[in-house]
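# Chain and residue survey
The primary structure of each chain is shown beneath.
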Amino acid sequence: MFRTIAKVGTRSLQRNTLSFQQRTFGVSPITFHGHLKKPNPGEELHITFITKEGDQKTFEVAEGDNILDIAQANHLDMEGACGGSCACSTCHIIVDPEYYDKIPEPDDDENDMLDLAFGLTETSRLGCQVVMSKELDGIRVALPVLTRNFMNKDMN
Amino acid sequence: MNITRRFLSTNSNLKKLAVIGSGPSSFYTILQILKKQPNNFQIDIFEKNPSPFGLVRYGVAPDHPEVKNCIDKFNEISEFIKTGKVKYFGNVEICKDLSLNDLYKNYNGILYAYGSSNGNKVEFPGSLHQNIINSFDFVNWYNGNHNYKNVIKSLKGIKDISIIGAGNVAIDIIRILLGDVNKRWKSTDISNHALNILKESDVKNVNVIIRRGILDSKFTNKELRELLEMRDEGVEFKGWNKEDFDEQLKSLGKLDRVNKRRIDLLNKYKENGNGNGNKGWKLNYLRSPIGIMVKPDGNIKELLVKVSKMVHNEENDKWEYKSDGKIESIPSDLVILATGYKCEPLNEFKEIGILFENGKIINNNGKIENIKNSYCVGWVSNNSQGNINNTVNDSMNVAETIINDEDLINDENKEGRKEIEIILKNKKHKIVKWEDWEKIHSIEIDQGNKDGKPYNKLSFNEMLELVK
Ligand SMILES: Cc1cc2nc3c(=O)[nH]c(=O)nc-3n(C[C@H](O)[C@H](O)[C@H](O)COP(=O)(O)OP(=O)(O)OC[C@H]3O[C@@H](n4cnc5c(N)ncnc54)[C@H](O)[C@@H]3O)c2cc1C
Ligand code: FES
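As the structure is a prediction and not an experimental result, all values here were calculated from the model.

The next thing to look at is the interface of chain B and chain A. Between chain B and chain A, the contact holds 32 residues from the first and 28 residues from the second. For the pair chain B and chain A, the summed buried surface comes to about 2500 Å²; carbon and sulfur atoms form 46% of the total. Among the residues chain B hides against chain A, the three largest losses belong to B:Lys222, B:Arg257 and B:Asn389. Together they make up 25% of the total. Scanning the region where chain B abuts chain A turns up 7 salt bridges. One salt bridge in this structure joins B:Arg225 and A:Asp108, with 3.2 Å as the shortest N-O distance. Counting the contacts that link chain B with chain A gives 14 residue pairs in polar contact (both at pLDDT 80 or more). Only helix H2 (24-36), helix H4 (70-74), helix H11 (221-228), helix H13 (257-271), helix H15 (379-382) and helix H16 (388-403) of chain B provide two or more residues apiece to the side of chain B that touches chain A.

Here the focus is a negative patch on the surface. Together, A:Asp107, A:Asp109, B:Glu229 and B:Asp232 make up a region of like negative charge exposed at the surface. Position of A:Asp107 relative to the elements: it lies in the loop between helix H3 (97-100) and helix H4 (108-114). What makes A:Asp107 partly exposed here is its relative accessible area of 40%.

Residue and element names in this part refer to chain B. Near ligand 1 lie 33 residues; those nearest to it are Ser25, Glu47, Leu55, Trp379 and Ile388. The contact in question runs from an oxygen atom of ligand 1 to an N or O atom on the backbone of tryptophan 379, over 2.8 Å. Protein chains bury 94% of the 1000 Å² of accessible surface belonging to ligand 1 in isolation. Only H2, strand S2 (41-47), helix H3 (54-58), helix H8 (168-178) and H16 provide two or more residues apiece to the shell around ligand 1. Split by residue class, the shell around ligand 1 holds 16 nonpolar, 13 polar and 4 charged. Each of two domains, domain 1 (11-117 + 343-432) and domain 2 (120-341), supplies a minimum of three residues to the shell around ligand 1.

All names here are of chain B. Reading across from one edge, S3-S2-S1-S4-S18 is the order of the 5 strands in this open sheet, with parallel pairing throughout. Of all the strands in the sheet, the pair left with one neighbour each is strand S3 (86-90) and strand S18 (374-376). Sheet twist, expressed as the mean angle between neighbouring strand axes with direction ignored, is 20°. Judged from the 5 bridges that link them, S2 and S3 form a sheet pairing that is parallel. Opposite aspartate 44, over in S3, you have lysine 87 as the bridge partner. Taken strand by strand, helix H18 (residues 417-426) contacts S2 and S3, and its axis lies near 20° from that of S3.

This next bit is on the confidence of the model for chain A. All names here are of chain A. In this model, chain A carries an average pLDDT of 80, and 72% of its residues clear a pLDDT of 70 or more. Within chain A, no element has a lower average pLDDT than helix H1 (residues 2-8), which sits at 32, and none a higher one than strand S4 (residues 124-126), at 98. Segment residues 21-25 is flagged for pLDDT under 50; beyond a separation of four residues in sequence, or across chains, it makes 7 contacts in the model.

Another point: the confidence of the model for chain B. Residue and element names in this part refer to chain B. Confidence in the prediction for chain B averages 95 pLDDT; 96% of positions are at 70 or higher. Contacts for the low-pLDDT stretch residues 1-9, under 50 throughout, to residues beyond four places or in other chains number 0 contacts. Interface confidence for the predicted complex, expressed as ipTM, amounts to 0.88; the pTM equals 0.91.

This part is about the environment of B:Lys16. Residues and elements named next belong to chain B. Positionally, lysine 16 belongs in strand S1 (residues 15-20). By relative accessible area, which is 1% here, lysine 16 ends up buried. Put simply, lysine 16 and valine 86 are 70 residues apart on the chain and 10.0 Å apart in space, counted from C-alpha to C-alpha. Of note is the side chain of lysine 16, whose polar atom sits 3.4 Å from the backbone oxygen of leucine 14. Side-chain polar atoms of lysine 16 contact the side chain of asparagine 413, separated by 3.3 Å.

Residue and element names in this part refer to chain B. The assigned domain composition of chain B is domain 1 (11-117 + 343-432) and domain 2 (120-341). Here domain 1 and domain 2 have C-alpha centroids that lie 34 Å from each other. With its nearest N and O atoms 2.7 Å apart, the salt bridge here joins arginine 175 to aspartate 63. Considering only residue class, the side of domain 1 that touches domain 2 consists of 7 nonpolar, 5 polar and 4 charged.

For the rest of this paragraph, the subject is the UniProt feature "binding site: FAD" (unreviewed entry) in chain B. All names here are of chain B. The sites that carry the UniProt feature "binding site: FAD" (unreviewed entry) are, in the present numbering, Ser25, Glu47, Leu55, Ile94, Trp379, Gly386, Asn387 and Ile388. In terms of the greatest pairwise C-alpha distance, the residues named above, spread along 364 residues, do not form a single cluster, extending to 24.8 Å across. Within the secondary structure layout, leucine 55 lies in helix H3. Relative accessible area serves as the criterion here: at 29%, leucine 55 is assigned to the partly exposed category.

Moving on, we get to the packing of H2(B) against H16(B). Residue and element names in this part refer to chain B. Packing of H2 against H16 brings their axes to within 8 Å, and their N-to-C directions diverge by 45°. Viewed along their axes, H2 and H16 adopt a mutual orientation that is oblique. H2 and H16 meet at a crossing whose hand is right-handed. Between H2, through Pro24, Ser25, Tyr28, Thr29, Gln32, Ile33 and Lys36, and H16, the contact on the second element is made entirely by Ile388, Thr391, Val392, Ser395, Met396, Val398, Ala399, Glu400, Ile402 and Ile403. A class-by-class count of the residues in the contact of H2 with H16 yields 10 nonpolar, 5 polar and 2 charged.

Cut-offs used in this document
- Residues numbered from 1 in each chain as written.
- Chains lettered and ligands numbered in written order.
- Predicted model: local features only at pLDDT ≥ 70, side-chain atom pairs only at ≥ 80, totals over all residues.
- Heavy atoms only, no water.
- Contact = heavy atoms within 4.5 Å.
- Buried area = accessible area lost by both parts, 1.4 Å probe.
- Salt bridge = Lys/Arg side-chain N within 4 Å of Asp/Glu carboxyl O.
- Polar contact = N/O pair within 3.5 Å; in protein donor to acceptor, adjacent residues only side chain to side chain.
- Helix = DSSP H or I, 4+ residues; strand = E, 2+ residues; numbered from the N terminus.
- Patch = residues over 30% accessible without salt bridge, like charges linked within 9 Å, V, L, I, M, F, W, Y side chains within 5 Å.
- Areas by Shrake-Rupley, 256 points an atom, 1.4 Å probe, with all protein chains shown as cover.
- Lys, Arg positive; Asp, Glu negative; His and termini not counted.
- Charge placed at Lys NZ, Arg CZ, Asp CG, Glu CD.
- Buried < 20%, exposed > 50% of the residue type's maximum accessible area, 1.4 Å probe, protein only.
- Near = heavy atom within 4 Å.
- Nonpolar A, V, L, I, M, F, W, Y, C, P; charged D, E, K, R; others polar.
- Domains from an automatic or database assignment.
- Pairing = 2+ DSSP bridges.
- Axes fitted to C-alpha atoms, helices over the stretch in contact; angles between N-to-C directions.
- pLDDT = per-residue confidence, 0-100.
- UniProt positions renumbered as here; feature names shortened; annotations may be inferred.
- Parallel < 35°, antiparallel > 145°, perpendicular 65-115°, else oblique.
- Left-handed = near helix turned anticlockwise from the far one by under 90°.

Written as structure tokens, this is what we have:
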């Protein structure tokens, strides 16, 4: 599925119409590592990641956590090479269009780094810059999959 | 007894992988292999310098500490060093201290991750003048590689500098030349020799000379914005030759995201008027160097450039470069060539049959096709292109290629580091181990902190003296 997204490329930015298929999966037990806060009872927010393998993983998180920290604390494949300083774009995520507009708009710094993300889509964001809020409860984000050939093409 | 036997039997099952180079591509690939297959590999890293991390240490600019955060991840290698899964052989240059033959005899797989070793050159009459400097040397100078300490002896009396080429390296260099020493550089890991020279620098104007047009600019918007924002530091953007592109931009209409944002950015800073700084920089598109004018004392006075223009080709509806016939002279006391870094083949490649073309090892998804169990990753696999983001993705793919290579999985047992250590010992060659590097770096931190810096990079000789 994500190979198709990747092919959209930076040139023709189309509103991505991925099917963020609705399947039912259990919510993982809450684990707290690293930077993550413990949500107050009754105030848990939910986020679902669609991994490169196509699996869906849902977590209960607290308001104020950013998506990079959430992904890393749960051992998902998100590099975060610059440690969340908006300087590498290795935390690129593709947001379900339904939720995209609920996130505050990217600032210039984030847009500059998105320029360099592979397989940019119109609902791309940087995980380290998106912070969980009540409006984002239930958000679904996908981790892009890239082939090497695609990268090389993108780079030229 | 039991323990020894168990160790031997597992050790012989391990695939021995030799990795040449310890830049980001090396670390990311190794960590990914060990994440996916913690029990199948024994990996040795060979690095020609005593210190690891390649261009993260000797390339990335001192005022970009956030880019260097990736070192935190690389340091996760310590866990694997402790268990012997990985060994670091610093100060071991392949094709000098060890031959590729030594490696192929003792390892099941070889990963080439040795990056670039030089800067691209541009040749024109006078291009060998001593005041024409390659960005590769200049970057090593400010980034504390002491072998390049004498690249710049003084910037006193140097007012005008031309930089040929406009990638991110050129932009890094403009920040170095024009940035406020106290505000921007004093508290970074910049070399003390560069800091002292920059304090006394007279540089006022930097002209960037770019062969191609605005839509082919190589620098990223992030670096461009950072430079434009230095207006607040008294560094003025003196414009670009917009008029040469008016017609082209008008006829193209809608631009791709990156170019649109780039042009908006340039216009915004130009239209917002000039800062009050007297230092500044300018982008000169459609100019390529053809020679220099020299003063009676032998120093450079001007850089001569030939001008081209954008012409619309009606037949294929494309915009093309055409000579304008004009020649301009640009005042320049110093010229810096920043037309990219260059990877070179190792000198045993011909002998063993590895093909190297267009600045990279010929490969398919990181696999070197004509020779078994050989792989490449990072800049040496893609002609010195891309940033850490590219390198991360590339490394993930190459790790996948390696762990799925049937030839490698089914290869016979090889001795790995055991034989290699004997060879190096017989040569009385000094190896910098990971623990040695940790000790070296802790001394760098202590010394730097005294100067209010995160660390001061030691010279390679100083490092080697610290190693028993
Ligand atoms: C000036 C400059 C600034 C940059 N700034 C940024 C930035 O701000 N952000 C960003 O994302 N990217 C930046 N980059 C790009 C980034 O540095 C590269 O993407 C990355 O370093 C490539 O990694 P690599 O492992 O392929 O090569 P390198 O980092 O070059 O590593 C290669 C290693 O191999 C070693 N080696 C070479 N020959 C041998 C041999 N024969 N035997 C043993 N070892 C050998 C070298 O000493 C070196 O340590 C910059 C690059 C440059 C040049
Ligand atoms: S972690 Fe580097 S940009 Fe988000």
